[in-house]
Amino acid sequence: MQHLFGYELDGKKHQIESSLVVLGENQTYTAMAKTVGLPVAIATLKILKGEIKTPGVQIPITKEVYEPILKELEENGVKFI
């Protein structure tokens, strides 16, 4: 996955690139399991432990939700560069 962000600041054009490459290990620990299933599992545990308190169905756009999940994903080898 690659994200390209273009913006203009003080009349100068800039671009930020972010990429993610995840390889599956086998038929169980697939790249899809690591990038979809793992974040959902992390979020579920954090909700059950009371670490995420935002009620209802949420998209991960608040720091309370995405920061701890991204941190734990990085600890498991899933990181944007």
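Scroll up to find the structure this text is about.
Please read these numbers as outputs of a predicted model, since none were measured by experiment.

Colleague: Explain the overall build of the protein here, please?
Modeller: Counting secondary structure elements, the protein contains two helices and two strands. Secondary structure elements of the protein occur, N-terminal to C-terminal, as β-β-α-α. Taken over C-alpha atoms, the radius of gyration comes to 16 Å for the protein, far larger than the 12 Å a tight globule of 81 residues would show. Taken over 81 residues, the protein has a buried fraction of 15%. For the protein, restricting intrachain contacts to residue pairs at least 6 apart in sequence, the fraction spanning at least 24 positions comes to 39%. In the structure as shown, the protein presents an accessible area of about 6700 Å², 60% of it carried by carbon and sulfur atoms. Placing the 9 positive and 10 negative side-chain charges of the protein at their respective mean positions leaves the two points 2 Å apart.

Colleague: Help me out: how do you make sense of unusual backbone geometry in this one?
Modeller: Excluding glycine, a negative phi dihedral is what most residues carry, and trans is how most peptide bonds are arranged. The phi dihedral of D10 falls on the positive side, at around 55°, and the residue is not glycine. Topologically, D10 is positioned in the loop between β1 (2-9) and β2 (12-19). For D10, a relative accessible area of 76% translates into the label exposed.

Colleague: Would you explain the pairing of β2 in this entry?
Modeller: Every other side chain in a regular strand lies on the same face of the sheet, so the side chains alternate between the two faces. Pairing between β1 and β2: eight bridges, direction antiparallel. Considered in β2, the bridge of L4 is made with E17.

Colleague: Even after reading the chapter, I still don't get the nonpolar core, so can you show me in this structure?
Modeller: L20, I42, A43, I52, V65, I69, L73 and V78 form the largest nonpolar core, which has eight residues in total. Residue assignment for this core shows that the elements contributing at least two residues are α1 (31-48) and α2 (63-75). The biggest single contributor to this core is α2, with three residues. Setting aside residues no more than four positions away along its own chain, I42 makes contact with I69, E72 and L73.

Colleague: Would you take a moment to explain the side chain of K46 for this structure?
Modeller: Here K46 is to be found in helix α1. A residue is classified by how much of its surface remains accessible, and K46, at 12% relative accessible area, is buried. In this view, K46 contacts E51, I52, P68 and E72; residues no more than four positions away in its chain are not counted.

Reading guide: rules and limits
- Residues numbered from 1 in each chain as written.
- Predicted model: local features only at pLDDT ≥ 70, side-chain atom pairs only at ≥ 80, totals over all residues.
- Heavy atoms only, no water.
- Helix = DSSP H or I, 4+ residues; strand = E, 2+ residues; numbered from the N terminus.
- Rg over C-alpha atoms; globule rule 2.2 N^0.38 Å.
- Buried < 20%, exposed > 50% of the residue type's maximum accessible area, 1.4 Å probe, protein only.
- Contact = heavy atoms within 4.5 Å.
- Areas by Shrake-Rupley, 256 points an atom, 1.4 Å probe, with all protein chains shown as cover.
- Lys, Arg positive; Asp, Glu negative; His and termini not counted.
- Charge placed at Lys NZ, Arg CZ, Asp CG, Glu CD.
- Pairing = 2+ DSSP bridges.
- Core = buried A, V, L, I, M, F, W, Y, C linked by side-chain atoms within 4.5 Å.

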